[in-house]
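Summary of structural features
The primary structure of each chain is shown beneath.
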Amino acid sequence: MAYTRLVLTGALFALTSFHAASEPVQIILSGVWSGADVQVESGMDWWGLFPDGDGFKLESAPITVTRAFDGMVDSEGEMTGKEVAIPKEANPLLLARGLNTLEAGPVVTVKPPGDSWPFLHPGQDCEITLNPADVHNRVFITALGTAESKPDSMLIVRRTYELRISKGQGEDPSIQSLAKYPEFTGTHGLRLLWAGDLDRDGRVDLLYNLSTWHMSWHLGLFLSSAAKEGDLVGLVAEWVTTGC
């Protein structure tokens, strides 16, 4: 299997300047990854976002990073990969460090409309509400752009695709762009992974896989407490993998 490094030229992102602690915010997933994609070190100051019944909880999750066999590129005897492991059997949805707003315990989580949040085709949206009784704090994720069939192919080409988050209605709603993609065909990765109140400020936070390629991850953690004036969320950290 040939190894190809993913170059993320299809998406444009504006990283919000945000420092929740004296060190940069870092996020990653547990597992074995390409060594070049693991820029974190073993440490005690990591938090894990773990499934907890129908919701999620935050727990301390010290990580260990060790050399490992990368099945995509390594020959016998090579160990160019790195394994990120935690001393727990449960698999966290996210590992994070550098955020002084995190606290152990249950985290308010918004349930997706099905088993998981769907890919949003151009013109579609989804509602995210922390408290169904509080209609004034509903937010919406909306997809814009065009979609057309690729000649002589089953693929659908999406152009000028954009994800927006909005709140409010009428003449002056709050609207913010989350990500823009000039053109892509794959949709396997591009999903909202989790929505809730990670920083416990009563407003919506988002964890996205922003990759359109099915063999990669591009995690983006958006927190409401990091939002610039006029915005709803701020991008506090990203983590990108490569694949075959």
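These figures come from a predicted structure and were not determined experimentally. (Residues numbered from 1 in each chain as written. Predicted model: local features only at pLDDT ≥ 70, side-chain atom pairs only at ≥ 80, totals over all residues. Heavy atoms only, no water.)

**Here's the deal with the nonpolar core**
Just so we agree on the cut-off: By convention a nonpolar core is built from buried Ala, Val, Leu, Ile, Met, Phe, Trp, Tyr and Cys residues, the set being connected through side-chain atoms within 4.5 Å. Buried residues are those whose accessible area, probed at 1.4 Å on protein chains only, stays under 20% of the maximum for their type, while exposed residues exceed 50% and partly exposed ones sit between those limits. Starting at the N terminus, helices and strands are each numbered in turn, a helix being any DSSP run of H or I of at least four residues and a strand any DSSP run of E of at least two. Residue contacts are defined here by distance: any two heavy atoms, one from each residue, within 4.5 Å place the two residues in contact.
In this structure, Leu-198 and Leu-221 are the most contacted members of the largest nonpolar core, which totals 33 residues. Mapped onto this core, the elements with two or more residues apiece are strand S1 (26–28), strand S3 (47–52), strand S4 (55–60), strand S7 (94–97), strand S15 (218–223) and strand S16 (234–240). For Leu-221, the contacting residues outside a window of four places in its chain are Ile-27, Leu-94, Leu-99, Leu-198, Leu-206, Leu-207, Gly-234, Leu-235, Val-236 and Ala-237. Formed by 27 residues, the second largest nonpolar core is a distinct cluster that contains Trp-117, Ala-179, Tyr-181 and Leu-192.

**Re empty space enclosed by the protein**
Threshold: Here a cavity means grid points, on a 1 Å grid over the protein atoms only, where a 1.4 Å probe fits yet cannot get out; a pocket means an open set of points with protein on both sides within 12 Å along at least five of seven lines; lining residues are those with an atom within 4 Å of a point. Grid points are joined across faces, edges and corners, and a volume is the space filled by probe spheres set on the points. When residues are grouped by polarity, Ala, Val, Leu, Ile, Met, Phe, Trp, Tyr, Cys and Pro land in nonpolar, Asp, Glu, Lys and Arg in charged, and all others, Gly among them, in polar.
One pass over the full model with this rule turns up two cavities of 30 Å³ or more. Within this model, the largest cavity holds a volume of roughly 60 Å³. For the largest cavity, the full set of lining residues is Trp-117, Pro-118, Phe-119, Leu-120, Cys-126, Tyr-161, Leu-163, Leu-190, Arg-191, Leu-192 and Tyr-208. Elements represented by at least two residues in the lining of the largest cavity include exactly strand S11 (156–167) and strand S13 (191–196). A per-class count over the lining of the largest cavity returns 10 nonpolar, no polar and one charged. Size it by volume and the second largest cavity reaches roughly 40 Å³.

**Quick notes on the sheet that holds strand S10 (residues 139–149)**
The strands that make up a sheet pair up through hydrogen bonds in the backbone, lying either parallel or antiparallel. Spelled out, the test is: Here, a strand pair is defined by DSSP locating no fewer than two bridges between the strands. Simply put, an axis is a line fit to the C-alpha atoms, just over the touching stretch for a helix, and the angle between two N-to-C directions goes from 0 to 180 degrees.
The strand order across the open sheet formed by four strands is S9-S10-S11-S12, and the pairing between neighbours is antiparallel. A single partner strand is all that each edge strand has here, and the edge strands are strand S9 (125–128) and strand S12 (174–184). Here the average twist between neighbouring strands, direction ignored, is 15°. Summarising the sheet, S10 and S11 pair through 10 bridges and their orientation is antiparallel. In the sheet register, Val-139 faces S11, and the bridge partner there is Lys-167.

**Examining the sheet that holds strand S5 (residues 64–68)**
The strand order across the open sheet formed by three strands is S2-S6-S5, and the pairing between neighbours is antiparallel. This sheet does not close on itself; its edge strands, each paired only once, are strand S2 (31–33) and S5. If you compare each strand with its neighbour and ignore which way they point, the axes differ by 25° on average. As judged from the five bridges shared by S5 and strand S6 (residues 81–85), these two strands associate in the antiparallel manner. What sits directly across from Val-65, in S6, is Val-84.

Geometric descriptors of this kind do not, in isolation, establish any biological role.
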